[in-house]
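Here is how the chains run, residue by residue.
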Amino acid sequence: QVQLVESGGGLVQAGGSLRLSCAASGRTFSSYAMGWFRQAPGTEREFVARISRNSGTITYADSVKGRFTISRDNAKNTVYLQMNSLKPEDTAVYYCAGDTSAVASRRGEAYDYWGQGTQVTVSS
């Protein structure tokens, strides 16, 4: 069983930065890819970024490309999301998720493990 715990959310002004962390326990961390998703009130869950098991393949949603950076430290069982130049439309609950499949996906349904989420609020 894998447990994922996000941290680092909070309130920030537009243009500011936040760094989210997701600590994993259970199954060997390097055995699965990791993704970040977000969901704003009244909207569907949205893919943000994905990083492969060895960090060799990284993908981003167009809405965050150039502003957000996903990374992972397999020795620390942690994945990160560095968010810069934040905009009010980035306001959402952010979730980390683990995907044991070898096929990269942006669909939340493809992911096997989920954290509880951390709130990010960007004020204008």
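This write-up is about the structure you can find in this document.

The rules behind each value
Residues numbered from 1 in each chain as written. Predicted model: local features only at pLDDT ≥ 70, side-chain atom pairs only at ≥ 80, totals over all residues. Heavy atoms only, no water. Phe/Tyr/Trp six-rings, centres within 6.5 Å; stacked < 30°, edge-to-face > 60°. Helix = DSSP H or I, 4+ residues; strand = E, 2+ residues; numbered from the N terminus. Buried < 20%, exposed > 50% of the residue type's maximum accessible area, 1.4 Å probe, protein only. Lys NZ or Arg CZ within 6 Å of the ring centre and 35° of its normal. Pairing = 2+ DSSP bridges. Salt bridge = Lys/Arg side-chain N within 4 Å of Asp/Glu carboxyl O.

1. Considerations on the packing of aromatic side chains
Geometry of an aromatic ring pair is reported as the spacing of the ring centres plus the angle between the planes.
Thinking step 1. One pass over the structure, following the stated rule, counts seven aromatic pairs.
Thinking step 2. For the pair Tyr32 and Tyr113, a centre-to-centre distance of 5.5 Å together with 70 degrees between the ring planes defines the contact as edge-to-face. Taken together, the positions of Tyr32 in the loop between β3 (18–25) and β4 (33–39) and Tyr113 in strand β10 (residues 113–114) put the pair 81 residues apart, joining distant regions of the chain. Take Tyr32 and Tyr113: they sit in the same class, and that class is buried.
Thinking step 3. Taking 5.0 Å as the distance between ring centres and 50 degrees as the angle between the ring planes, the aromatic pair formed by Phe37 and Trp114 counts as tilted. Here Trp114 lies in strand β10 and Phe37 lies in strand β4, a separation of 77 residues in the sequence.
Thinking step 4. On the accessibility criterion, Phe37 (1% relative accessible area) is buried.
Thinking step 5. Looking at Arg45, its charged tip hangs above the ring of Phe37, at a distance of 6.0 Å from the centre.
Thinking step 6. The side chain of Arg72 reaches across the aromatic face of Phe29, ending 4.3 Å from its centre.

2. A few points about the pairing of β3
Thinking step 1. Of the strand pairs in this sheet, strand β1 (residues 3–7) and β3 are connected by five bridges, and their pairing is antiparallel. Across the sheet, the residue bridging to Glu6 is Cys22, located in β3.

3. Focus: the pattern of salt bridges
Thinking step 1. This model, assessed by the stated rule, comprises six salt bridges.
Thinking step 2. Where Glu46 meets Arg38, a salt bridge forms, and the shortest distance between an N and an O atom there is 2.8 Å.
Thinking step 3. When its relative accessible area of 5% is taken as the criterion, Arg38 is described as buried.
Thinking step 4. The network of salt bridges with common partners includes Arg38, Glu46, Arg67 and Asp90.

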